[in-house]
Amino acid sequence: NKCRSPMGRRLLLRWLKQPLVDAAAIEQRHDAVEAFVNDPEVRDTLRGAHLRALPDIERVTRKLERRRASLMDLCRLYRASAALPY
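Every value quoted in this text rests on a predicted model; they were computed, and no experiment measured them.

Draft legend 1. Geometry of the overall build of the protein chain. For the protein chain, the helix and strand inventory stands at 5 helices and 0 strands. Taking 12 Å as the expected radius of gyration for a compact globule of 86 residues, we find that the protein chain reaches 15 Å, considerably beyond that expectation. With the C-alpha coordinates of the protein chain rotated into their principal frame, the extents come out at 40 × 30 × 25 Å. Across the 86 residues in the protein chain, those meeting the buried criterion constitute 8%. Working note: accessible area of the protein chain is about 7,400 Å², and carbon and sulfur atoms make up 58% of it. Here the protein chain contributes 18 positively and 11 negatively charged side chains, and the mean placements of these two sets differ by 13 Å.

Written out as structure tokens, the structure reads:
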């Protein structure tokens with residue numbers, strides 16, 4: 001497990017526990033992985049510039065669902081949404 005974020009670790013665990021069964025979806029995932037493996041510059045740019053700046057969005061949304069989110073959590077979510085491309 002070489003995931004760099006808590007969201008990535010949870011996603012990998014979810015993928016391992018619930019593998020895809022649709023051949024088209026499997027092919028799409030393989031294509032995406034292949035693209036990142038074949039182009040380390042894009043992978044490193046995405047990882048460094050974008051993914052590190054994102055807060056743990058899943059955790060913040062769970063707090064919102066439970067009505068336990070603080071103002072700081074809302075600010076993190078706002079900054080994350082502003083950083084995403086249109």
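Draft legend 2. A look at the side chain of Asp56. Here Asp56 lies in the loop between helix H3 (40-51) and helix H4 (57-65). By relative accessible area, Asp56 is classed as buried at 13%. Leaving out residues up to four positions away in the same chain, Asp56 has contacts with Pro6, Met7 and Arg10.

Draft legend 3. Here's a closer look at the environment of Lys63. In this structure, Lys63 sits in helix H4. With a relative accessible area of 32%, Lys63 lands in the partly exposed category. Remark: the alpha-carbon pair of Lys63 and Leu74, spanning 11 residues in sequence, is separated by 9.9 Å. Excluding its chain neighbours within four sequence positions, the residues that come into contact with Lys63 are Arg68, Ala69 and Asp73.

Draft legend 4. Here's a closer look at a nonpolar patch on the surface. A contiguous nonpolar surface patch, about 310 Å² in accessible area, is contributed by Phe36, Val42, Leu46 and Leu51. When residues of the nonpolar patch are assigned to their parent elements, the largest contribution, 3 residues, is made by H3. Tracing the sequence through the fold places Val42 in helix H3. The partly exposed category is assigned to Val42, whose relative accessible area is 42%.

Draft legend 5. A look at the packing of helix H2 (residues 23-38) against H3. Following both chains from N to C, one finds H2 and H3 inclined at 100 degrees, their axes separated by 5 Å at the closest point. Comparing the axis directions of H2 and H3 gives the class roughly perpendicular. Contact with H2, carried on its side by Phe36, Val37 and Asn38, involves Pro40, Val42, Arg43 and Leu46 of H3 and no other residues of that element. Tallied by class, the residues present in the contact of H2 with H3 amount to 5 nonpolar, 1 polar and 1 charged.

Criteria and thresholds
- Residues numbered from 1 in each chain as written.
- Predicted model: local features only at pLDDT ≥ 70, side-chain atom pairs only at ≥ 80, totals over all residues.
- Heavy atoms only, no water.
- Helix = DSSP H or I, 4+ residues; strand = E, 2+ residues; numbered from the N terminus.
- Rg over C-alpha atoms; globule rule 2.2 N^0.38 Å.
- Buried < 20%, exposed > 50% of the residue type's maximum accessible area, 1.4 Å probe, protein only.
- Areas by Shrake-Rupley, 256 points an atom, 1.4 Å probe, with all protein chains shown as cover.
- Lys, Arg positive; Asp, Glu negative; His and termini not counted.
- Charge placed at Lys NZ, Arg CZ, Asp CG, Glu CD.
- Contact = heavy atoms within 4.5 Å.
- Patch = residues over 30% accessible without salt bridge, like charges linked within 9 Å, V, L, I, M, F, W, Y side chains within 5 Å.
- Salt bridge = Lys/Arg side-chain N within 4 Å of Asp/Glu carboxyl O.
- Axes fitted to C-alpha atoms, helices over the stretch in contact; angles between N-to-C directions.
- Parallel < 35°, antiparallel > 145°, perpendicular 65-115°, else oblique.
- Nonpolar A, V, L, I, M, F, W, Y, C, P; charged D, E, K, R; others polar.

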